[in-house]
Amino acid sequence: MASKPAAPTPAPGAQKIDAGAIAKPYREEVRSQVAKLKASGIEAPLLVGLLANTDPAARKYAEWTGRACTADGIRYELRTIDDPIDVEAALRDANDDPRVHGIIVYYPIFGQVESFSGESQDDYLRDTVSHKCDVEGLCHSYRSNLYRNVRYVDFPSNTKKCVLPCTALSVVKILESCPTCYDKSKPIGRHMEDKTVTIINRSEIVGRPLAAMLANDGADVYSIDIDSIYLFRGGKLHKCEGETPESCVRKSNVVVTGVPTKNYRLPSEWIQPNATVVNVASFKNVDENELLQIEGVQYIPMVGKVTVAMLERNLMRLFYNFHHPDRAYEDKYKVALEAQRPAPWYGNAVQLYTALAATAILGVMLSRSK
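Since we're looking at a predicted model, the values are computed, not measured.

1. Notes on the sheet that holds strand S2 (residues 46-51)
In space, the three strands of this open sheet follow the order S3-S2-S4, with parallel pairing throughout. The open sheet has two edge strands with one neighbour each: strand S3 (75-80) and strand S4 (102-106). Across this sheet, the average inter-strand angle for adjacent strands is 20°, counted without regard to direction. In this fold helix H3 (residues 87-96) packs onto S2, S3 and S4, with an angle of close to 165° to the strand it touches most, S4.

In structure tokens form, the structure reads like this:
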């Protein structure tokens, strides 16, 4: 049997980066948090996964999630559902279960099948996940906050940070680990200033939130879909006329590919030297050997391990935001105090009307007495 030909030697400075090494410190942080909870007599958070399809990528993601959670001390329960029509009921049961601290739904379930409840049934399911359990950060509350660059869920106290979409967040963490992408010496909101990014994907799971996140960090972001190109810049969205995928990629410091088909290949000659290329698709959207012949290129072929680490990180954030016994007691105590606090006189319609009427009568009497 003939052996595979050896891969060509990479160009100077070109390298393939292992996502596992990037995920490692985040998972170690999660293990430490879980250990502290257990030492205090508190059970580890429970993550529930809902699987109702035969998609190989979804099943692989479910397997990775289960293995990672077990290794890091998190409780994980995979619930398989035979009929997709039963997913909503299972989802609502998990939302209402006080034992459940996080929920992940493995998509696609219905795909883009139309729904009476929204653009598609899968979109409707994403918005059905409680914001207190949404480890994927894809429900309407978190998406809306992301697109408005709102970073907390409890304004004006600002003690509970929002959860961000975990796949998009994994790309951000990967780029943060690359010294040529993020400049942490600059203020928050400008870490990617003067950088140009092209994202070939505009799904609600990856491309759209990722474009918003990188634009919120100061980058110019070209968002490419099948039939349109938009530019995210300075908190605004601009329709691009005259741009092509090639023109966008050629001017980009960072290129993110997320085309969900094995037939797509990004032409390597479009990539500029010293660019960073991240593949988020389950298929390889680039020719790895060709790409690594470009000087200084940094290539990340898979993001799954970092995505799972971000999923765990989001679970811990939800637990501390909403489910930790101390937080639950604190929130319950606040509600009790608010209930005991007397309403201001102007908060009662009858009292307000009486006060206004009395003021008017007094004014008339004073005017007559003059």
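After presenting the structure, the write-up continues.
2. Looking at the packing of helix H1 (residues 19-39) against helix H10 (residues 304-323)
Taken N-terminus to C-terminus, the directions of H1 and H10 make an angle of 25°; their axes are 8 Å apart at the nearest point. It follows that H1 is roughly parallel to H10 by the angle criterion. For the crossing formed where H1 meets H10, the hand is left-handed. The segment H1 lies against H10, with Ala19, Gly20, Ile22, Ala23, Tyr26, Arg27, Val30, Gln33, Val34 and Leu37 engaging Lys305, Val306, Ala309, Met310, Glu312, Arg313, Met316, Phe319 and Tyr320. For the contact of H1 with H10, a count of residues per class yields 13 nonpolar, two polar and four charged.

3. Here we look at the layout of surface pockets
Taken as a whole, the second largest pocket spans an internal volume of roughly 610 Å³. The wall of the second largest pocket is formed by 24 residues, among which Arg151, Lys161, Leu164, Leu169 and Asp217 lie closest to the centre. Sorting the residues of the lining of the second largest pocket by element identifies helix H5 (140-147), helix H6 (166-176), helix H7 (207-216) and H10 as the ones contributing at least two each. Top contributing element to the lining of the second largest pocket by residue count: H6, with four residues. Each residue belonging to the lining of the second largest pocket can be placed in one class, and the counts come to 12 nonpolar, four polar and eight charged.

4. Comments concerning the nonpolar core
Judged by nonpolar contacts, the single largest core of 65 residues is most densely connected at Leu214, Val221 and Val278. Here this core gets 10 residues from one element, more than from any other, and that element is H10. Apart from the residues lying within four places of it in its own chain, the contact partners of Val221 are Val197, Ile199, Ala211, Leu214, Ala215, Tyr230, Leu231 and Phe232. Core analysis: the next-biggest nonpolar cluster, separate from the first, contains 23 residues, Ala11, Leu231, Val255 and Trp270 among them.

What counts as what
- Residues numbered from 1 in each chain as written.
- Predicted model: local features only at pLDDT ≥ 70, side-chain atom pairs only at ≥ 80, totals over all residues.
- Heavy atoms only, no water.
- Pairing = 2+ DSSP bridges.
- Helix = DSSP H or I, 4+ residues; strand = E, 2+ residues; numbered from the N terminus.
- Axes fitted to C-alpha atoms, helices over the stretch in contact; angles between N-to-C directions.
- Contact = heavy atoms within 4.5 Å.
- Parallel < 35°, antiparallel > 145°, perpendicular 65-115°, else oblique.
- Left-handed = near helix turned anticlockwise from the far one by under 90°.
- Nonpolar A, V, L, I, M, F, W, Y, C, P; charged D, E, K, R; others polar.
- 1 Å grid on protein atoms, 1.4 Å probe; cavity = no way out; pocket = protein on both sides within 12 Å on 5 of 7 lines; lining within 4 Å.
- Points joined across faces, edges and corners; volume = space filled by probe spheres on them.
- Core = buried A, V, L, I, M, F, W, Y, C linked by side-chain atoms within 4.5 Å.
- Buried < 20%, exposed > 50% of the residue type's maximum accessible area, 1.4 Å probe, protein only.

What is shown is where atoms sit, not what they do.
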